[in-house]
Amino acid sequence: MSDFLSRRDALRLSMTGLIAGAAAGSAACALADEPADPRPEPSRPFLTPAKDFKDVSRGTPLPHSLMGEALVAARLTDETWRLEIFAEDKATMGSPKRLEDNTALDLPALLDLGKTKGLAFLKAMQCNNIPLPLGQGLWEGVPLREVLKLCGPIDNARRLYYWGFHNNDPKQVFRSSLAMSQVLDTPPGEMPPFLAYRLNGEPIPLTRGGPVRMIVPWAHGFKSIKWLQRIVLTNKHENNDTYADANNDPESYLKTAAYFDDGGGQTLPAGQPLTMRGTAMVGWPGLARVELWLRQGNRAVLPDSDPAWQTAEWQKAVIEPPPRSWKGQLPEGLDPRQIWGFNADGMPKQWPMRFSIAHWSFPLTAPAAGAYELRVRTVDDNGFAQPEPRPGQKSGRNLVQCKLLTFV
Ligand SMILES: Nc1nc2c(c(=O)[nH]1)N[C@H]1C(S)=C(S)[C@@H](COP(=O)(O)O)O[C@H]1N2
Ligand SMILES: [Mo]
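Residues numbered from 1 in each chain as written. Chains lettered and ligands numbered in written order. Predicted model: local features only at pLDDT ≥ 70, side-chain atom pairs only at ≥ 80, totals over all residues. Heavy atoms only, no water.

Side note on the packing of aromatic side chains
Think of a pair of aromatic rings as described by two things: how far the centres are apart, and how the planes are tilted against each other in angle.
Okay, so step 1: Inspection of every chain in the model, using the stated rule, returns 17 aromatic pairs.
Okay, so step 2: Between Phe46 and Trp326, the aromatic rings sit 5.1 Å apart at their centres with planes inclined by 45 degrees, giving tilted as the arrangement. Highlighted residues: Phe46 in the loop between helix H2 (19–33) and helix H3 (68–73) and Trp326 in the loop between strand S18 (318–319) and strand S19 (357–365), separated in sequence by 280 residues.
Okay, so step 3: Judged by its relative accessible area of 6%, Phe46 falls in the buried class.
Okay, so step 4: Arranged with centres 6.3 Å apart and planes meeting at 75 degrees, the rings of Phe121 and Phe355 form a pair that is edge-to-face. Of the two residues, Phe121 is situated in strand S4 (residues 119–125) and Phe355 in the loop between S18 and S19; the sequence distance between them amounts to 234 residues. (Phe/Tyr/Trp six-rings, centres within 6.5 Å; stacked < 30°, edge-to-face > 60°. Helix = DSSP H or I, 4+ residues; strand = E, 2+ residues; numbered from the N terminus. Buried < 20%, exposed > 50% of the residue type's maximum accessible area, 1.4 Å probe, protein only.)

Below, the structure written as structure tokens:
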């Protein structure tokens, strides 16, 4: 990970002590050079350093615990990594890529393809079984459709299965799948499934699934297979994702949901102004607003049947605007105009951005002393309020969060 985040952190820390002076200084600068921009800088970095992602990995031993010769044998070094692509069942492929005849794709070939077909994409990784996103990265790679184009004519394929390195116990394979149309027929301007080889401007570290990882922009983490090594085109139409086993929805889309930064109970002075902060995951249905509801009480769980939901007074939170400059947010040397969803001025075309994390704040004046419940939810661009539109929690776990507050 480049050190731009830590430098920014250091800067931010040093600024908290000097906030008055720094603010006055920048205002004076703005007057001299350009009109003052009233937008505040983001309250925190947009990208999560690779090492700080929450890890969701199966296997014993874990692929990222391998070292030395074991890593070489596993083909998880830049030099030894290979991708096999072939067809099974009644599907056919003109030029399969196989280890046995030395045709498997290697990393230099993939990076070379990236020179002409590469793309960059901001995406939060989120597990459908864990509410809070695991981290947000800037992923760079090559569309899977471009890689398949290297494989000669394909016929009679309805789906593809893919998996990464695992040990020799077949029970430990972690596999995922996509319909061929999802791979080949991406609407132009939309993000395709892609083979990622860079995260936050650096090669993807082993801990995050490097050297090469699948990234499926719209999907929960289980489609984004780490340590990718094998893609099999098949005539089978069935989803056979490993994740389908435990009643997970194996075709779930990322959904929109809000979280408190600190969801724990707190005791705070009554009658004082305060600011609550948090994040929101922006799923495929978009994010129209984040809203909060403060009510007297001390029950973190309010049953769906409780009539209070019907008369709840939800108040709108403020969604932080995009940073004035993306320079400090992105890896050094990376031109924001190269990133999906950014315009020719290097600014996001839409805000907040799909499949990424938005930051919100909610100023309120603490009421009189007593026990309160503060709930937060999102409303998506279809007008569905969290936890809708989930058909079940295994399609993205996310009930409305509640923070218990005691004002004294
Ligand atoms: N090879 C492999 N890829 C995998 C997994 C795994 O266990 N093995 N876990 C998946 C799941 S369930 C999630 S949520 C994401 C987590 O990504 P992260 O560990 O980079 O945060 O990786 C996915 N890719
Ligand atoms: Mo997951």
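So, the sheet that holds strand S15 (residues 273–281)
Okay, so step 1: Read across the open sheet, the four strands follow the order S13-S15-S19-S18; overall the sheet is antiparallel. Each edge of the open sheet carries a strand with a single partner, namely strand S13 (257–260) and S18.
Okay, so step 2: Here S15 runs beside S19; their pairing, made up of nine bridges, is antiparallel. The residue bridging Leu274 from the neighbouring strand is Leu364, located in S19. (Pairing = 2+ DSSP bridges.)

Description of unusual backbone geometry
Okay, so step 1: Geometrically, the link from Gln386 to Pro387 is a cis peptide bond, its omega value of 5 degrees lying close to zero.
Okay, so step 2: The amide bond that connects Glu388 to the next residue, Pro389, takes the cis arrangement and shows omega of 5 degrees.
Okay, so step 3: Unusually for a residue other than glycine, Asn102 sits at a positive phi of about 65 degrees.
Okay, so step 4: Accessibility expressed as a relative area gives 71% for Asn102, which makes it exposed.
Okay, so step 5: One non-glycine residue with positive phi stands out, namely Asn247, at about 70 degrees.
Okay, so step 6: Its location among the elements puts Asn247 in the loop between strand S12 (228–234) and S13.

Some remarks on helix H4 (residues 107–117)
Okay, so step 1: Listed as buried for H4 are Leu107, Leu110, Leu113 and Gly114. Take H4 and look down its axis: the buried residues cluster within an arc of 125 degrees, on one side only. Among the exposed residues of H4, those pointing more than 90 degrees away from its buried face are Pro108, Lys115 and Thr116.
Okay, so step 2: Looking at the buried positions of H4, the neighbouring elements they touch are strand S3 (105–106), strand S5 (135–143), helix H5 (144–148) and strand S9 (194–199).
Okay, so step 3: Of the residues that open H4, the one with a side-chain oxygen 3.1 Å from the backbone nitrogen of Ala109 is Asp106. (Arc of directions from axis to C-beta. Contact = heavy atoms within 4.5 Å. Polar contact = N/O pair within 3.5 Å; in protein donor to acceptor, adjacent residues only side chain to side chain.)

What about empty space enclosed by the protein?
Okay, so step 1: This structure, assessed with the given rule, holds two cavities of 30 Å³ or more.
Okay, so step 2: Lining the largest cavity are 27 residues, with Val56, Ser57, Arg58, Phe174 and Lys226 sitting closest to its centre.
Okay, so step 3: Split by residue class, the lining of the largest cavity holds 14 nonpolar, eight polar and five charged.
Okay, so step 4: Put simply, the second largest cavity is a space of about 50 Å³.
Okay, so step 5: In terms of lining, the second largest cavity is formed by Gln126, Cys127, Ile130, Pro131, His220, Lys255, Ala257, Tyr259, Arg390, Gly396, Arg397 and Asn398.
Okay, so step 6: Grouping the constituent residues of the lining of the second largest cavity by class yields five nonpolar, four polar and three charged. (1 Å grid on protein atoms, 1.4 Å probe; cavity = no way out; pocket = protein on both sides within 12 Å on 5 of 7 lines; lining within 4 Å. Points joined across faces, edges and corners; volume = space filled by probe spheres on them. Nonpolar A, V, L, I, M, F, W, Y, C, P; charged D, E, K, R; others polar.)

Brief notes about the pairing of S12
Okay, so step 1: Along S12, six of the seven residues are buried, which leaves the element largely enclosed by surrounding structure.
Okay, so step 2: As paired elements, strand S1 (residues 82–87) and S12 share four bridges and run parallel to each other. Note that in S12 the partner of Ala87 across the bridge is Leu233.
Okay, so step 3: Bridging between strand S7 (residues 159–164) and S12 involves six bridges; their strand directions are antiparallel. Residue pairing in the sheet places Tyr162 in a bridge with Ile231 of S12.

Some points on the environment of Asn102
Okay, so step 1: Relative to the assigned elements, Asn102 resides in the loop between strand S2 (92–93) and S3.
Okay, so step 2: Along the primary structure Asn102 and Arg82 are separated by 20 residues, whereas in three dimensions their C-alpha atoms are 9.5 Å apart.

Observations concerning the pattern of salt bridges
Okay, so step 1: Taken as a whole and judged by the stated rule, the model has 21 salt bridges.
Okay, so step 2: Residue Asp261 pairs with Arg44 through a salt bridge whose shortest N-O separation is 2.9 Å. Pair noted here: Asp261 is in the loop between S13 and strand S14 (266–268) and Arg44 is in the loop between H2 and H3, with a separation of 217 residues, a long-range link.
Okay, so step 3: Between Asp241 and Lys223 there is a salt bridge, and its shortest N-O distance comes to 2.8 Å. Residue Asp241 is found in the loop between S12 and S13, and its partner Lys223 is found in the loop between strand S11 (213–215) and S12; the two are separated by 18 residues along the sequence. The residues Asp241 and Lys223 share a single accessibility class, namely buried. (Salt bridge = Lys/Arg side-chain N within 4 Å of Asp/Glu carboxyl O.)

Here's the deal with the pairing of S4
On any regular strand, side chains alternate: one points to one face of the sheet, the next to the other face.
Okay, so step 1: In terms of burial, S4 is largely enclosed, as seven of its seven residues are buried.
Okay, so step 2: Side-chain alternation along S4 places Leu119, Phe121, Lys123 and Met125 on one buried face and Ala120, Leu122 and Ala124 on a second face that is also buried.
Okay, so step 3: In this structure, S4 lies alongside S5, joined through seven bridges in antiparallel fashion. Opposite Leu119, over in S5, you have Gly141 as the bridge partner.

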